[in-house]
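Coordinate inspection notes
Chain by chain, the residues run as shown.
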Amino acid sequence: MGTRDPRIDAYITKSAPFAQPILEHIRTVVHEACPAVAETIKWGFPHFDYHGMMCSTASFKAHCALTFWLGRQVHGEELSDDMREQAMGQFGRITSVKDLPNKTTLKKYIKKAMALNDAGVKRSRPAAKKGAAVKPVVVPPELAAALARNAGAKAAFEASSPSHRREYCEWIAEAKRMETKTKRAEQAIAMIAEGKARNWKYGA
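Values in this document were obtained by computation on a predicted structure and should not be read as measured data.

1. A closer look at the pattern of salt bridges
- In the structure shown here, the tally under the stated rule is eight salt bridges.
- For the salt bridge of D5 with R7, the shortest nitrogen-to-oxygen distance reads 2.7 Å.
- A relative accessible area of 9% means that D5 is categorised as buried.
- Owing to a relative accessible area of 46%, R7 belongs among the partly exposed residues under this scheme.
- With a closest N to O distance of 3.8 Å, R177 and E179 form a salt bridge.
- Residue classification places R177 among the exposed positions, given a relative accessible area of 54%.
- Because the salt bridges share partners, they merge into one network encompassing D9, R27 and E39.

So this is what it looks like as structure tokens:
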């Protein structure tokens, strides 16, 4: 049998009214698909573990997010890059239950994530396009220090796509003055903690 964590009940209760049915729906579907799931709170938001980290959900001011730890192995290329870029996780900015895959599809993802964890599969990085050089994401020290002080933002940053992270890093690194770098790092942390891409204002 799985376990339920009362801290997740409290998290849902404290979330915005629009977010509560989304979080409850995800929680219900996860338990239906994976009866042995273990609930917990990591980095300040709900996680669902099965032989290791499986998936997590989070609520922000205007949207929710759903993240599978082995996201690319679970979905392959089924989800668009545009959706991945909009917010933390693989499903973009979730503002209602209708933004999620239907229950059958969501259960398929969960069962695939379970099978991957059973097989001991590790998290993979997206493959580079043929002939293209992979440009590493270099985190500026100002942002690294700020992330170290905010576990939730750090988790959201690490769960986002490489291009999402690169936008923040380059924005901070291109500043000439140390004061500007520090200010941008603080602004970045606030947006990252809400699951936003740097240019979220220009998205859907």
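Picking up after the structure, the text goes on.
2. Here's the deal with the pairing of strand β1 (residues 38-42)
- Bridge count for β1 against strand β2 (residues 45-49) is five bridges, and the pairing is antiparallel. Directly across from T40, in β2, lies its bridge partner H47.
- The turn joining β1 and β2, which pair antiparallel and follow one another in sequence, is formed by two residues; a positive phi near 55° is taken by W43.

3. As for helix α1 (residues 6-14)
- Taken as a whole, α1 has its buried residues at I8, Y11 and I12. The buried residues of α1 all sit within an arc of 95° when viewed along its axis, so they share a single face. Within α1, the exposed residues directed more than 90 degrees away from the buried face are P6, T13 and K14.
- Its buried side turned inward, α1 meets α2 (19-33), β1, β2 and β3 (53-59).

Conventions we followed
Once a new chain begins, its residue numbering starts again from 1 and follows that chain's sequence as written. The predicted nature of this model means local features are confined to residues of pLDDT at least 70 and side-chain atom pairs, given and counted, to a pLDDT of 80 or more, with totals for whole chains, interfaces and linings taken over all residues. Hydrogen atoms and water are omitted, and side-chain values are computed over all heavy atoms in the structure. The salt bridge criterion pairs a side-chain nitrogen of Lys or Arg with a carboxyl oxygen of Asp or Glu, the two atoms within 4 Å. For the exposure calls, accessible area comes from a 1.4 Å probe over protein chains only, and a residue counts as buried if that area is under 20% of its type's maximum, exposed if over 50%, partly exposed in between. By the convention used here, strands pair only if DSSP detects at least 2 bridges between them. Helix and strand definitions follow DSSP, with helices as H or I runs of at least four residues and strands as E runs of at least two, each counted in order from the N terminus. The arc in question is the one traced by the directions running from the helix axis out to the C-beta atoms. Two residues qualify as a contact provided that any one of their heavy atoms is within 4.5 Å of a heavy atom in the partner residue.

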